[in-house]
Amino acid sequence: MTKPSLTLFLAAPRGFCAGVDRAIKIVEMAISKWGAPVYVRHEIVHNKYVVDDLRAKGAVFVEELSDCPDDRPVIFSAHGVPKAVPAEAERREMVYVDATCPLVSKVHIEAERHFEEGLQIIMVGHAGHPETIGTMGQLPSGEVLLVETVDDVARVAVRDPDKLAFVTQTTLSVDDTIDIVAALKARFPTIRGPHKEDICYATTNRQEAVKAIAGKAQAMLVVGAPNSSNSRRLVEVARRAGCGYSQLVQRAGDIDWRALEGVQSIGVTAGASAPELLVEEVIEALRARHDVTIEEVETAQENVEFKVPRVLRQPA
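Colleague: Help me get a handle on empty space enclosed by the protein, residues and values and all.
Modeller: For the structure on display, the rule yields one cavity of 30 Å³ or more. Of the volumes computed, that of the largest cavity is approximately 260 Å³. As for the largest cavity, its lining consists of 24 residues, of which Cys17, Val20, His79, Thr171 and Asn230 are closest to the centre. Those elements that place two or more of their residues in the lining of the largest cavity are helix H1 (18-34), helix H4 (102-116), helix H8 (201-214) and helix H9 (229-240). If you tally residues by element for the lining of the largest cavity, the top one is H8, at three residues. Class assignment for the residues of the lining of the largest cavity results in 12 nonpolar, 11 polar and one charged.

Following this line, the structure appears as structure tokens:
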């Protein structure tokens, strides 16, 4: 039987960003240097496949530092941690490596500088996300106020409306954030913003690639984890940009084939913590059912690379 034709629009860039790539390397190099087990506080990045692979190599994933023994190295995830965490590791004289993405660290430094200048900070982010918890935890309680929506901006209670600055989570929807920032500036005209946008290059680039595809694809498959903020934003961006159906899938086995019946064009992308191997798995699943023609849609080229911490580049 002849397979139905399918045009597959493959987003570029997609998948791993420099911060995720660095974080994974940090865990692998730590295991190589100190041997297993190496403890990791929280998922190093939000992807089950990656976490399971590192677990098989000797990483032990825990929720809190209190779950770690004093005599084994511990790594802090790419999303960043509150200042209290490394302080506690130092108190316990633990060997630790901070895998916080340098672009998240940039937001931490911005928040500290604003605080030192006597400003209260408003953070645009998602409550409960590790990155938000980490950023808010850089400063004393009450010094960082969280807003998630435009409506939150109208309700937020500040200490002094003329002494404010804002920062944002790095993995937000660019379009949503524009509206929230506009509301902040309308309510607090003197509020200070970042020198350079906090939403990271990889989040922005992946959203732009999805927008370029959404108008010509009947459906969009986003490879990523349900707890991955940037992956979930890609699903939302596709829907808003005119794609009739958009689904988040962790693996090819998650594809809802009934929803794709009769579809002749599909966009495929991946969140910043999803390995290319899983994208290839989805493409092969589509090929098994369709006569696939692939068209890559490239909207940017990425050549960013972040060095791993010096402690891992030195011999044991």
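Colleague: Now, about the sheet that holds strand E4 (residues 74-76): what can you tell me, with residues and values included?
Modeller: Sheets are built from strands paired through backbone hydrogen bonds, the pairs being either parallel or antiparallel. Pairing within the open sheet is parallel, and its four strands lie in the order E3-E2-E4-E5. Looking at strand neighbours, the two that pair on one side only are strand E3 (59-62) and strand E5 (96-98), the edges of this open sheet. Averaged over all neighbouring strand pairs, the angle between strand axes comes to 25 degrees, with direction disregarded. Bridge analysis of strand E2 (residues 38-41) against E4 gives three bridges, and the strand direction is parallel. Counted as the bridge partner of Tyr39 is Val74 from E4. Docked against the sheet, H1 engages E2, E3, E4 and E5, running at close to 160 degrees with respect to E5.

Cut-offs used in this document
- Residues numbered from 1 in each chain as written.
- Predicted model: local features only at pLDDT ≥ 70, side-chain atom pairs only at ≥ 80, totals over all residues.
- Heavy atoms only, no water.
- 1 Å grid on protein atoms, 1.4 Å probe; cavity = no way out; pocket = protein on both sides within 12 Å on 5 of 7 lines; lining within 4 Å.
- Points joined across faces, edges and corners; volume = space filled by probe spheres on them.
- Helix = DSSP H or I, 4+ residues; strand = E, 2+ residues; numbered from the N terminus.
- Nonpolar A, V, L, I, M, F, W, Y, C, P; charged D, E, K, R; others polar.
- Pairing = 2+ DSSP bridges.
- Axes fitted to C-alpha atoms, helices over the stretch in contact; angles between N-to-C directions.
- Contact = heavy atoms within 4.5 Å.

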